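Structural characterization, general
Take a look at the letters that make up each chain.
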Amino acid sequence: MRKNEGMSESESSASANRYPAADEWQAVDRYFAEILVEEDAALIAARRSGTDTTMPNAEVAANQGAFLGLLVTIAGAKRVLEFGTLAGYSTIWLARAVGEGGRIVTLELEPQNAEVAEENFLAAGVADRIETIVGPAAETSARLISEGVEPFDFVFIDADKPNNPAYLQAALELTRPGAVIVVDNVVRNGAIVDDSSADPRVHGVRSVADAIAASPDLEATALQTVGEKGWDGLIIARRR
Ligand code: DHB
Ligand code: MG
């Protein structure tokens, strides 16, 4: 059926042309989170402790954390690299997904944030499989490259957005073929398509999208998300 063919005006507007308000997105997030996504006490505490970091409320939503965990499980990833720890909320989802034999390396600029995160890792029972490295991630990832660390299977890029292209380059040097690379916050309330945006974070996202598109080593797509985190999205890429 062609778009809207055979539909009454009211049917087509209900199914295709209705743009719900943010409070409805949030209600839908809450509905699915309640029936599908279990946040235990440690995850709830980790989310709350985000307010003790330099970027309150920047952590992923519960359903997004579960999505990252599922991607790790589906990919069979055992070694995960994360750019941007904050309070470690997404880190806990990733760490639980890799299981007991898995390993997470998470890179965090601010010592105070790393301290908050490490407490959360202990409470979540995953501290022994997570290494938190403090410092500018461009430098700490370069150190991992020069040390020749074992390649990673999965990378979550979720730190300062202007450095996204540098983090992608590091991720390409630190992963094996077949690895999955996810980039957070790529829609930014639609600012990604606002050509007049002077926001360096938007430019960082565009540059990384261009770099992914130009890389013969990567296949990728992007998904918009709405919900508790407003209107945003993820790029999901895979190394060939
Ligand atoms: C920003 C960064 C994040 O990782 C996030 O989830 C939301 C916002 C930011 O830099 O604005
Ligand atoms: Mg983010």
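Each remark here, short or long, concerns the structure printed above.
Residues numbered from 1 in each chain as written. Chains lettered and ligands numbered in written order. Predicted model: local features only at pLDDT ≥ 70, side-chain atom pairs only at ≥ 80, totals over all residues. Heavy atoms only, no water.

Let's talk about the coordination of the magnesium ion (ligand 2)
Short version of the rule: Metal coordination here is assigned from N, O and S atoms located within 2.8 Å of the ion, or within 3.2 Å for Na, K and Ca; omission of water means that sites may look incomplete. Each residue is placed in one exposure class: buried if its accessible area under a 1.4 Å probe, protein chains only, is under 20% of its type's maximum, exposed if it is over 50%, and partly exposed if it falls in between.
Around the magnesium ion (ligand 2), the protein contributes the donor atoms D158 (OD), D184 (OD) and N185 (OD1), at 2.0 to 2.1 Å from the metal centre. Of note, the magnesium ion (ligand 2) draws all its donor residues from one chain, in the sequence arrangement D-x25-D-N. Side by side, D184 and N185 carry an identical accessibility label, which is buried.

Details of unusual backbone geometry
Which entries qualify depends on this criterion: The way it works is that DSSP assigns letters per residue, a run of H or I at least four long becomes a helix, a run of E at least two long becomes a strand, and they are numbered from the N terminus.
One non-glycine residue, N57, lies in the positive phi region at around 70°. Here N57 is to be found in the loop between α3 (41-49) and α4 (62-75). A residue is classified by how much of its surface remains accessible, and N57, at 55% relative accessible area, is exposed. One non-glycine residue, N185, lies in the positive phi region at around 65°. Position of N185 relative to the elements: it lies in the loop between β5 (175-184) and α9 (200-214).

Remarks on the nonpolar core
Stated precisely, the cut-off is as follows: In this description, a nonpolar core means a group of buried Ala, Val, Leu, Ile, Met, Phe, Trp, Tyr and Cys residues linked to one another through side-chain atoms lying within 4.5 Å. Note on contacts: a residue pair qualifies if any of its non-hydrogen atoms lie within 4.5 Å across the two residues.
Counting residues in each nonpolar core, the largest one holds 30 residues, and the members touching the most others are L94, F154 and V182. Secondary structure elements with two or more residues in this core: α3, α4, α5 (89-98), α6 (111-124), β4 (152-157), β5 and β7 (230-239). If one sorts the elements of this core by residue count, α5 sits on top with six residues. Not counting residues up to four positions away in its chain, the partners in contact with V182 are L68, L71, F154, V155, F156, I157, L234, I235 and I236. A137, F152, Y167 and V186 belong to the second largest nonpolar core, which has 27 residues in total.

Focus on the sheet that holds β5
Inclusion rule: One requirement defines pairing of two strands: DSSP has to find at least two bridges between them. To obtain an axis, a line is fitted to C-alpha atoms, over the contacting stretch when the element is a helix, and the angle between two such axes runs from 0 to 180 degrees between their N-to-C directions.
If you trace the seven strands from one edge of the open sheet to the other, you get β3-β2-β1-β4-β5-β7-β6, paired in mixed fashion. In the strand order of this sheet, the two ends are held by β3 (130-134) and β6 (218-227), each with one partner. When the angles between neighbouring strand axes are averaged without regard to direction, this sheet yields 15°. Taken together, the five bridges between β5 and β7 define a ladder with antiparallel strand orientation. Across the sheet, V180 pairs through a bridge with R238, a residue of β7. With respect to the sheet, α6 is in contact with β2 (103-108) and β3, its orientation differing from that of β3 by roughly 170°. Sheet strands in contact with helix α7 (residues 137-147) are β1 (79-83), β2 and β3, and its direction is about 145° off that of β2.

What is shown is where atoms sit, not what they do.
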